[in-house]
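Structural characterization, general
One-letter residues, chain by chain:
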Amino acid sequence: MNIQKLNEVVAAVRGNELLLSSPQDALDLIATARYETGCEALILPKEIVSEDFFILSSGLAGEVLQKFVNYSMKVAIVGDFSRYTSKPLQDFIRESNRGKTVFFASSESEALEKLAAL
């Protein structure tokens, strides 16, 4: 795993290997990012997130994102989400983007802009 500090607040995970497939993976990622960068926000490429995350009935999204909330780490997941046609998932993405902790963005620059504004 390669984590790059983008500014004083935001870091980005680089790579496309699956890193996030359980709540424990989220804790490990949060701890590593905080230790290596000291940042309060993290940008994740969609490719490192398990496909189960995008099936809301699996419960993985809720469990993983709860870790980010509990440990005060803002997160933006970057990628193309247009292939997911589930209405509950689209609603979840839309509602998340209205909040201040979890974002879904189409580009890293968009994610950085949202996270840096907080």
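Definitions and limits used
- Residues numbered from 1 in each chain as written.
- Predicted model: local features only at pLDDT ≥ 70, side-chain atom pairs only at ≥ 80, totals over all residues.
- Heavy atoms only, no water.
- Phe/Tyr/Trp six-rings, centres within 6.5 Å; stacked < 30°, edge-to-face > 60°.
- Helix = DSSP H or I, 4+ residues; strand = E, 2+ residues; numbered from the N terminus.
- Buried < 20%, exposed > 50% of the residue type's maximum accessible area, 1.4 Å probe, protein only.
- Lys NZ or Arg CZ within 6 Å of the ring centre and 35° of its normal.
- Pairing = 2+ DSSP bridges.
- Right-handed = clockwise from strand over helix to strand, strands pointing away.
- Core = buried A, V, L, I, M, F, W, Y, C linked by side-chain atoms within 4.5 Å.
- Salt bridge = Lys/Arg side-chain N within 4 Å of Asp/Glu carboxyl O.

**Here we look at the packing of aromatic side chains**
How two aromatic rings sit relative to each other is set out by the distance from centre to centre and by the angle between their planes. Evaluated as defined, the whole model comprises five aromatic pairs. The interplanar angle of 45° and the centroid separation of 5.9 Å between the aromatic rings of Phe-54 and Phe-81 together place this pair among those described as tilted. Of this pair, Phe-54 sits in the loop between strand 3 (41–45) and helix 2 (60–70) while Phe-81 sits in the loop between strand 4 (74–78) and helix 3 (87–98), and the two are 27 residues apart along the sequence. With a centroid separation of 4.8 Å and an interplanar angle of 20°, the aromatic rings of Phe-54 and Tyr-84 are classed as stacked. Here Phe-54, found in the loop between strand 3 and helix 2, pairs with Tyr-84, found in the loop between strand 4 and helix 3; they are 30 residues apart in sequence, far enough to count as distant. Take Phe-54: its relative accessible area is 4%, and that puts it in the buried class. For Tyr-84, a relative accessible area of 10% gives the class buried. Members of the aromatic cluster, connected to one another through ring pairs, are Phe-53, Phe-54, Phe-81, Tyr-84, Phe-92 and Phe-104. Above the ring of Phe-54, the side-chain terminus of Lys-46 is found at 5.6 Å from the ring centroid.

**Some points on the pairing of strand 4**
In terms of residue burial, strand 4 counts as a mostly covered element, since four of its five residues are buried. Bridge count between strand 3 and strand 4: five bridges; the pairing is parallel. The residue bridging Ile-43 from the neighbouring strand is Ala-76, located in strand 4. Regarding the hand of the β-α-β motif, the stretch spanning strand 3, helix 2 and strand 4 is right-handed. One crossover worth recording links strand 4 to the parallel strand 5 (residues 102–105) by way of helix 3, and it is right-handed.

**Focus: the nonpolar core**
In terms of nonpolar packing, the biggest core is built from 30 residues, with Val-13, Leu-42, Leu-44, Phe-53, Phe-54, Phe-68 and Phe-104 touching the most fellow members. Looking at this core, the elements that each hand over two or more residues are strand 2 (10–14), helix 1 (23–37), strand 3, helix 2, strand 4, helix 3 and strand 5. Here this core takes five residues from helix 2, the largest share from any one element. The next biggest cluster of nonpolar side chains, apart from the first, holds 10 residues, and it includes Ile-43, Val-78, Phe-103 and Ala-105.

**Observations concerning the pattern of salt bridges**
Enumeration according to the criterion identifies eight salt bridges in this entry. For Arg-94, the salt bridge is made with Asp-91, and the minimal N-O distance between the two is 2.3 Å. Of this pair, Arg-94 and Asp-91 both sit in helix 3, three residues apart, roughly one helical turn. Through salt bridges with shared partners, one network takes in Lys-46, Glu-51 and Arg-83.

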